Amino acid sequence: MSQSTLINRGGPAAAPSRKGADMKDHIESVLATVFGGIFLLLAGVVAVETISRKVFNVSLQGADELGGYALAVGSTIAFSLALMGRNHIRVDVFHEKFPRAMQAFLNWFSIVTLASFGAFVAWIATKVITDTLAYGSTAQTPWATPLIWPQAVWYAGLAIFALVATGFALRASWLLLTGRVDLLNHDFHPKSAKEELKEELDDLAQRQASEQGAQP
């Protein structure tokens, strides 16, 4: 059986290349590590703030400010993580009832519109950064933090999301133009309940194996 036949039938050749999958996993791992590190740091600051207030009656006067920055930056990182994990919500009540070609078009249209939205948001954020630099804006807090610092990290998260979404959109467009609808549907279709259940069961099995390995 030829490779093209396997692709059209959604067989083994329809799976993403190992190199591409490894790169995707690496990017996800880096983003997830940064995401977790941000909120672990925030948790530490809140803990110190709480103890210092209760025990020493002293406040750092910045935990709430850092919480806002963490939420803003963490949300932009979560955009990319949700995209790569196919976790963005899609209304797919009738999706599986359509012919393969229609499913492929809808999957292509969804990722292209998401990439367009990501690029638009990044473009708007550029104007925010420009204004902040022009006016030398600072936070209206006791720390008077120069806003360009948190906004630069926030903008980087938006730019990464726009780039990732654009890369996905270009791949989906190439698959659509070359007629590889099964591969397009394989890579970009909405995540089904069975897939979500399988992921949860795999994650549970991995955690149980880790706990058993940690036991003496």
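These figures come from a predicted structure and were not determined experimentally.

**So, the overall build of the protein chain**
Consideration 1: Check the secondary structure of the protein chain and you find seven helices and zero strands.
Consideration 2: In the protein chain, the order of α-helices and β-strands from amino to carboxyl end is α-α-α-α-α-α-α.
Consideration 3: A buried classification covers 27% of the 216 residues belonging to the protein chain.
Consideration 4: Considering only contacts in the protein chain between residues 6 or more positions apart, those separated by 24 or more positions represent 68%.

**A look at the packing of aromatic side chains**
Consideration 1: By the definition in use, this model includes six aromatic pairs.
Consideration 2: For the pair Phe-35 and Phe-39, a centre-to-centre distance of 5.0 Å together with 50 degrees between the ring planes defines the contact as tilted. Linking Phe-35 with Phe-39, this pair stays in helix α2 (residues 18–56), spanning four residues, or about one helical turn.
Consideration 3: Overall, Phe-39 belongs to the partly exposed group, its relative accessible area being 30%.
Consideration 4: Consider the rings of Phe-105 and Phe-109, whose centres lie 6.1 Å apart with planes at 20 degrees: the pair is stacked. Linking Phe-105 with Phe-109, this pair stays in helix α4 (residues 100–135), spanning four residues, or about one helical turn.
Consideration 5: For Phe-109, a relative accessible area of 44% puts it in the partly exposed group.

**So, the pattern of salt bridges**
Consideration 1: Per the stated rule, a full pass over the model turns up three salt bridges.
Consideration 2: We note a salt bridge from Arg-100 to Asp-182, for which the minimum N-O separation is 2.8 Å. With Arg-100 in helix α4 and Asp-182 in helix α6 (residues 181–188), the pair connects residues that are 82 residues apart, well separated along the chain.
Consideration 3: Where Asp-187 meets Arg-171, a salt bridge forms, and the shortest distance between an N and an O atom there is 2.5 Å. With Asp-187 in helix α6 and Arg-171 in helix α5 (residues 148–177), this pair connects stretches of sequence that are 16 residues apart.
Consideration 4: Asp-187 sits in the buried class, given a relative accessible area of 14%.

**Quick word on the environment of Gly-44**
Consideration 1: Relative to the helices and strands, Gly-44 is located in helix α2.
Consideration 2: Gly-44 sits 19 residues away from Ala-63 along the chain, and the two C-alpha atoms are 9.8 Å apart.

**A few points about α6**
Consideration 1: The buried count for α6 comes to seven of eight residues, which makes it a mostly enclosed element.
Consideration 2: By the burial criterion, the buried members of α6 are Val-181, Asp-182, Leu-183, Leu-184, Asn-185, Asp-187 and Phe-188.

**Describing unusual backbone geometry**
Consideration 1: The backbone of Asn-57 sits at a positive phi, close to 55 degrees, despite the residue not being glycine.
Consideration 2: Positionally, Asn-57 belongs in the loop between α2 and α3 (63–84).
Consideration 3: With phi around 55 degrees, Arg-86 is a residue other than glycine that occupies positive phi space.
Consideration 4: Residue Arg-86 is classed as partly exposed on the basis of its relative accessible area, which comes to 25%.

**Concerning the nonpolar core**
Consideration 1: The biggest cluster of nonpolar side chains holds 19 residues, and the ones touching the most others in it are Leu-31, Ile-77, Leu-83, Ile-111, Leu-175, Leu-184 and Phe-188.
Consideration 2: When contributions to this core are tallied by element, the ones reaching two or more residues are α3, α4, α5 and α6.
Consideration 3: Not counting residues up to four positions away in its chain, the partners in contact with Phe-188 are Arg-90, Asn-107, Ile-111, Phe-168, Arg-171, Ala-172 and Leu-175.

Criteria and thresholds
- Residues numbered from 1 in each chain as written.
- Predicted model: local features only at pLDDT ≥ 70, side-chain atom pairs only at ≥ 80, totals over all residues.
- Heavy atoms only, no water.
- Helix = DSSP H or I, 4+ residues; strand = E, 2+ residues; numbered from the N terminus.
- Buried < 20%, exposed > 50% of the residue type's maximum accessible area, 1.4 Å probe, protein only.
- Contact = heavy atoms within 4.5 Å.
- Phe/Tyr/Trp six-rings, centres within 6.5 Å; stacked < 30°, edge-to-face > 60°.
- Salt bridge = Lys/Arg side-chain N within 4 Å of Asp/Glu carboxyl O.
- Core = buried A, V, L, I, M, F, W, Y, C linked by side-chain atoms within 4.5 Å.

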